[in-house]
Amino acid sequence: MTSVTFRDETAAGRPLEEFTLPGLPDRISARALVRLRVREEVARHNAGPRRRRRGLVAPLDAEAEPNGYEAGGPRPVDWERQADAAEAAFARNGFILLAGERQIEDLDEEIDLAADPVISFVRLLPLVGG
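The text that follows walks through the structure, step by step, so that each part is easy to find. (Residues numbered from 1 in each chain as written. Predicted model: local features only at pLDDT ≥ 70, side-chain atom pairs only at ≥ 80, totals over all residues. Heavy atoms only, no water.)

1. Examining the side chain of E87
Within the element layout of this structure, E87 appears in helix 2 (residues 79-91). You can call E87 buried: its relative accessible area is 18%. (Helix = DSSP H or I, 4+ residues; strand = E, 2+ residues; numbered from the N terminus. Buried < 20%, exposed > 50% of the residue type's maximum accessible area, 1.4 Å probe, protein only.)

Below is the structure:
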């Protein structure tokens, strides 16, 4: 079993936030890893709901803010809907997934967490006018 650090970064490589989860298998698909990450962040949010939250994807009906999302009120978030939204965001290049220094290009790709215990999520912003 492996401890994995999930790190959010800007496109320029500036770290935003990170957390570590112990007890993960040595090998896991990128899809399972994204869903696990989203489930964990939603569980943390739901344990102490706040109006504003950071996360890989915005909850439905939330407004984006510079460093998070305004959720319109402290209410529980459905992790499965968020995980589905994260998968869709990955498919449309809403974020890049890095295992160590290697970019993961397919959610079905298997990741060796023992070799790459730091997983970075780099959110991409669409260009204005482009």
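2. Section: the pattern of salt bridges
Applying the stated criterion across every chain yields a total of twelve salt bridges. Note that R31 and D108 form a salt bridge whose closest N and O atoms lie 3.0 Å from each other. Here the residue R31 occupies a position in helix 1 (residues 30-47), and D108 occupies one in the loop between strand 8 (102-104) and strand 9 (110-112), the gap between them amounting to 77 residues. Several salt bridges share partner residues, and in doing so they unite R31, R35, D84, E87 and D108 into one network. (Salt bridge = Lys/Arg side-chain N within 4 Å of Asp/Glu carboxyl O.)

3. Description of the packing of aromatic side chains
Counted under the stated rule, the structure contains four aromatic pairs. Here a set of aromatic residues connected by ring pairs shows up, and it is made of F6, F19, F90, F95 and F121. Lying across the ring of F121, R37 places its NZ or CZ 4.5 Å from the centre. One Lys or Arg, R39, reaches over the ring of W79 and ends 5.8 Å from the middle of that ring. (Phe/Tyr/Trp six-rings, centres within 6.5 Å; stacked < 30°, edge-to-face > 60°. Lys NZ or Arg CZ within 6 Å of the ring centre and 35° of its normal.)

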